[in-house]
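Below, each chain spelled out in residue letters.
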Amino acid sequence: MTDALQVRNLFKVFGDKPQEAIDLYRRGDDKDDIFAKTGMMLGVCDASFTVREGEIFVVMGLSGSGKSTLVRMLNRLIDPSAGEIIVAGQDIATLKEDELLSFRRQHISMVFQSFALMPHMTVLQNAAFGLELSGVPQKQREERALDALKQVGLGAYGRNYPNQLSGGMQQRVGLARALANDPTILLMDEAFSALDPLIRTEMQDELLTLQAEQRRTIVFISHDLDEAMRIGDRIAIMQGGRVVQVGTPEDILNRPANDYVKSFFRGVNVQNVISVKDIARTDDIAVLQSSQAATEALREMGHAGFGFVTGPDGRFEGAVSRASLEARGSGGDLSGAFLQNVDPVGGDATLTDLIRPAARHECPVPIVDARGLFIGAVSRKTLLESMQRDGATHG
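Residues numbered from 1 in each chain as written. Predicted model: local features only at pLDDT ≥ 70, side-chain atom pairs only at ≥ 80, totals over all residues. Heavy atoms only, no water.

Under the annotation held in an unreviewed UniProt entry, the chain carries the name Quaternary amine transport ATP-binding protein and is attributed to Fulvimarina endophytica. One UniProt comment on the chain, placed under Subcellular location (unreviewed entry), says "Cell inner membrane". (UniProt positions renumbered as here; feature names shortened; annotations may be inferred.)

Dropping the structure here:
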């Protein structure tokens, strides 16, 4: 997968002699020691990570962890003290002012926590405002702005003014304004945190729907763990200006980098986060071929209680047990020995989605990928163990 953004050894020092503070940090002093010695504050310390094309990359941490400083350096609203920010082959940390303006117009748009709408402009004019600043002709910018408003469900509100809209609708206008520029990267800084919980959930749904349709590259800043777990393809955890871990929600839940990260995720309901493909196993079962005879399949199963039958292309066809194979006898194919009502579950399903079929099936639940290829199976024991992870809550 192609990287849309590369951040390498990025620093932000608030003070008069940033290199002095960076040198102290590299010699092993922490940010508190550096502040005591120099009076300078490290907002971001040696951050390095990549953001892949088409993913929602969430940066989260406690207040003061450096996440908002970091995102503002990604479009040079704050100038970095050291390091590289590579987008489309360019290090934007080195761009001059006129080059930077051109670069922002082509590649990066930002949605802020505050709606930042112009009250004297219509919704359509607000959505087209960035294009107007870029010198796009009126007809063209209004067409693009209207298309962006339609994407966020506000196509009929172009003539309204911001004060005639709800908070959620106003934030949709801010999102449409960013989308109208058709950016390479969309930056969203606590974009939904000012909204009521119900509206915030609706906006998360809206973002996920847009993402499913267009697969934009999004860097999303949040302090809300549930939000990060819900929308993030990968998450970066910041602590004291440092990026201490980057990974999928499942990665971080399973292998937290330190006690700080572990404490962050202690209250997460793993049932709604972990995908069943992450716990599917092939031990204690046999993977059989549909072309086999029942007697051959019985020999291959050994001591396994159940077998899962795949076709020549690896697609799941059905499940068998020792008893069903013995009842089948030696003649015919394996389809006559299939257990009834054993339906596969997609690998992206959550543990919650697996509870009902696990209770219904006598055998482990077969798991398949999007193409129907057999991945493995999940037994009731494995499901319960996964739901009882250390420090996690469960329903």
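Next, the rest of the story.
Could you give me a rundown of the pattern of salt bridges, with the residues and numbers involved?
Using the criterion set out here, one finds ten salt bridges in the structure. In this structure, arginine 371 and aspartate 369 form a salt bridge, with 3.6 Å as the shortest nitrogen-oxygen distance. Looking at aspartate 369, the relative accessible area reads 25%, which means it is partly exposed. As a salt-bridge pair, glutamate 385 and lysine 381 come within 2.7 Å of each other at their nearest N and O atoms. Here lysine 381 and glutamate 385 lie together in helix 16 (residues 380-387), a separation of four residues that amounts to about one turn. (Salt bridge = Lys/Arg side-chain N within 4 Å of Asp/Glu carboxyl O. Buried < 20%, exposed > 50% of the residue type's maximum accessible area, 1.4 Å probe, protein only. Helix = DSSP H or I, 4+ residues; strand = E, 2+ residues; numbered from the N terminus.)

Describe the sheet that holds strand 12 (residues 306-310), with residues and values.
On the basis of which strands lie adjacent, the open sheet formed by three strands has the order 11-12-13 and mixed pairing. Every interior strand has two partners, whereas the edge strands, strand 11 (285-289) and strand 13 (316-321), have only one. Strand-to-strand twist across the sheet, computed as the mean angle between neighbouring axes with direction ignored, equals 25°. By the bridge criterion, five bridges tie strand 11 to strand 12 in an arrangement that is parallel. Residue pairing across strands places leucine 288 opposite valine 309, the latter belonging to strand 12. Helix-sheet contacts for helix 13 (residues 294-301) involve strand 11, strand 12 and strand 13, and the interaxial angle to strand 11 is about 150°. (Pairing = 2+ DSSP bridges. Axes fitted to C-alpha atoms, helices over the stretch in contact; angles between N-to-C directions. Contact = heavy atoms within 4.5 Å.)

Explain the sheet that holds strand 8 (residues 217-222) to me, using residue names and the numbers behind them.
Strand order in this open sheet of six strands is 6-7-8-3-9-10, and the pairing throughout is mixed. Each having just a single partner strand, strand 6 (108-111) and strand 10 (242-247) make up the two edges of the open sheet. On average, adjacent strands in this sheet sit at an angle of 20° to one another, irrespective of strand direction. Sheet topology places strand 9 (residues 234-239) next to strand 10; five bridges connect them, and they run antiparallel. Directly across from isoleucine 237, in strand 10, lies its bridge partner glutamine 245.

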